[in-house]
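# Fold and contact review
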Amino acid sequence: MLSWGAAGGRALRWANGRVPTRGFRASPRARIAMPSWVIDRYGSNDVLRFTREMMFPIIHFPNEVIIKVHAASLNPIDLSMRSGYGATALNMKRDPLKLKAGETEFPLTLGRDVSGVVMECGLGVSYFKPGDEVWAAIPPWKQGTLSEFVVASGNEVSFKPKCLSHTEAAALPYVGLTAWSALNQVGGLNQSNCSGKRILILGASGGVGTFAVQLMKAWDAHVTAVCSHDASTLVKKLGADDVIDYKSGNLEEQLKTLPLFDFILDNVGGSTEKWALDLLKKWSGATYVTLVTPFLINMDRLGVADGMLQTGVTVGSKTLKHLLKGVHYRWAFFMPSGPSLDEIAELVDSGKIQPVIDEVFSFSEVPEAFLKLEGGHARGKTVINVISRQ
């Protein structure tokens, strides 16, 4: 019989009080290479290259696990990283002390989502064991999931929802954690304080938007979703109370006819920030959270020090400006978190959240999957079956 440990919430204990431990586990046969999709330089889709000689991942820290990838999926950040977006900040994160001055990040594997099976565990991992079905979102400074195997920290990994196949599960981790970061960790929303609150989601038909609609409805909020007309049926099916077609007229004027909102999640950015905060209830704790920020662009353009300074000035001035008007202004980012994925898995297994998949590609079709995502107007996620049979 297993029970939750008191410390950290993720440690399992046997009924007799002992924490299960695990010695080093070696592969039955040593491997040095694996199939993978990589890039050797930044650019357009032609930089993607398939290789069978990608270095096999190695456990460097005791809390790491190696996962055999059954399915992965693509996100807009993969398109951006393929083109070099954020390279300055990500390279600093990869090598903060510049100990590898003569090395580059290439060959670089893209892909953030993974659903698969644990193959090996570090000495400090007691929560997982080889053979466990898991899912995770790998941070963008690490090698990605468009490979046969990937290494992840144990605190980035969670048990896959039992009700989903690997193909279905791979559609959720990155977008789920991005939405969770914006709504829960930055926005302060949770199951106990959402009932009856009016939530506006700008960009509701993409991966983050479709997850956010479902999460807010699971927490009993009133959701107004903005998307194009051809996505309205999907968004209504996910539970949105009101759906606004941004193509049917002036969006700002359409939204001004509705009651004011308690919370706005902006997946669109651009000019929406100039008027969206006027739709919030003043002096009531109402909050605007945007996922479209200049942080990585500033560092690419200005360098690490000046980019961070410019970012701090920008967010600080905007926060103060809107606070004086009676509303809160926040930025949010993807944050890897196994414990948050645990909570998301519970919502999935209880039927409150379901993956929204636009199209599934085989592992040999990764370039075509990138082109599909690059075409825009996706209705949910683009998934890659790394193992053809799920």
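Keep in mind that what you see is a predicted model, and the values were worked out from it rather than measured.

The rules behind each value
Positions within a chain are numbered from 1, following the residues in the order the chain's sequence is written. Per-residue local features of the predicted model are confined to residues with pLDDT of at least 70, and side-chain atom pairs are confined, for both listing and counting, to 80 or more; whole-chain, interface and lining totals are unaffected and use all residues. Heavy atoms throughout the structure, all of them, feed into the side-chain values; hydrogens and water do not. pLDDT is a residue-level measure of predictor confidence that goes from 0 to 100. Every residue pair with non-hydrogen atoms within 4.5 Å of one another is taken to be in contact. Runs of H or I in DSSP of at least four residues are treated as helices and runs of E of at least two as strands, each being numbered from the N terminus. Counting of polar contacts relies on pairs of N or O atoms within 3.5 Å, with two restrictions inside protein: one atom must be capable of donating a hydrogen and the other of accepting it, and residues adjacent in sequence are counted only when both atoms are side-chain atoms. Residue burial is assigned from relative accessible area. The probe radius is 1.4 Å, only protein chains are included, and a residue is buried under 20% of its type maximum, exposed over 50%, and partly exposed in between. For two strands to pair, DSSP has to find at least two bridges joining them. Side-chain atoms within 4.5 Å are what join buried Ala, Val, Leu, Ile, Met, Phe, Trp, Tyr and Cys residues into a set we call a nonpolar core. The axes used here are C-alpha line fits, helices contributing only the stretch in contact, and every angle between their N-to-C directions lies in the interval 0 to 180 degrees.

With that settled, the discussion passes to the confidence of the model for the chain. Scored by pLDDT, the chain comes out at a mean of 91, with 92% of its residues at no less than 70. Every residue in residues 18–29 scores below 50 in pLDDT, and together they form 21 contacts with partners more than four places removed in sequence or on other chains.

Once that is clear, we can look at the side chain of glutamate 156. Note that glutamate 156 resides in the loop between strand E8 (149–153) and strand E9 (157–159). At a separation of 2.9 Å, a polar atom in the side chain of glutamate 156 contacts the side chain of lysine 142. Those residues within four positions of glutamate 156 in sequence are excluded, and the remaining contacts are Trp135, Ala136, Ala137, Pro139, Lys142, Pro336, Gly338 and Leu341.

Successive residues of a regular strand alternate their side chains across the two faces of the sheet. Counting buried residues along strand E6 (residues 113–121), eight of its nine residues qualify, which places the element largely inside the surrounding structure. Two strands pair when backbone bridges link them, and strand E5 (residues 64–74) and E6 are joined in this way by eight bridges, in the antiparallel orientation. Following the sheet pairing, valine 65 is matched in E6 by cysteine 121. Here five bridges tie E6 to strand E7 (residues 133–137), and the two strands are oriented antiparallel to one another. Across the sheet, the residue bridging to valine 117 is glutamate 133, located in E7.

So, on to the nonpolar core. Leu146, Leu183, Val213, Leu215 and Met216 are the most contacted members of the largest nonpolar core, which totals 81 residues. Discounting chain neighbours no more than four positions away, the residues touching methionine 216 are Leu183, Leu189, Cys194, Ile199, Ala221 and Val223. Counting 18 residues, the second largest nonpolar core, distinct from the first, contains Leu200, Ile244, Leu277 and Trp331.

The sheet built from six strands is open, its strands ordered E12-E11-E10-E13-E14-E15 with parallel pairing. Whereas interior strands pair on both sides, the edge strands pair on one side only; in this sheet they are strand E12 (242–245) and strand E15 (328–331). Between one strand axis and the next, the sheet turns by 15° as a mean value, whatever way the strands run. Here strand E10 (residues 198–202) pairs with strand E13 (residues 263–266) via four bridges, running parallel. Bridging across to E13, leucine 202 finds its partner in aspartate 266. Sheet contacts for helix H4 (residues 173–186): E13, strand E14 (287–290) and E15; angle to E13, the most-contacted strand, approximately 155°.

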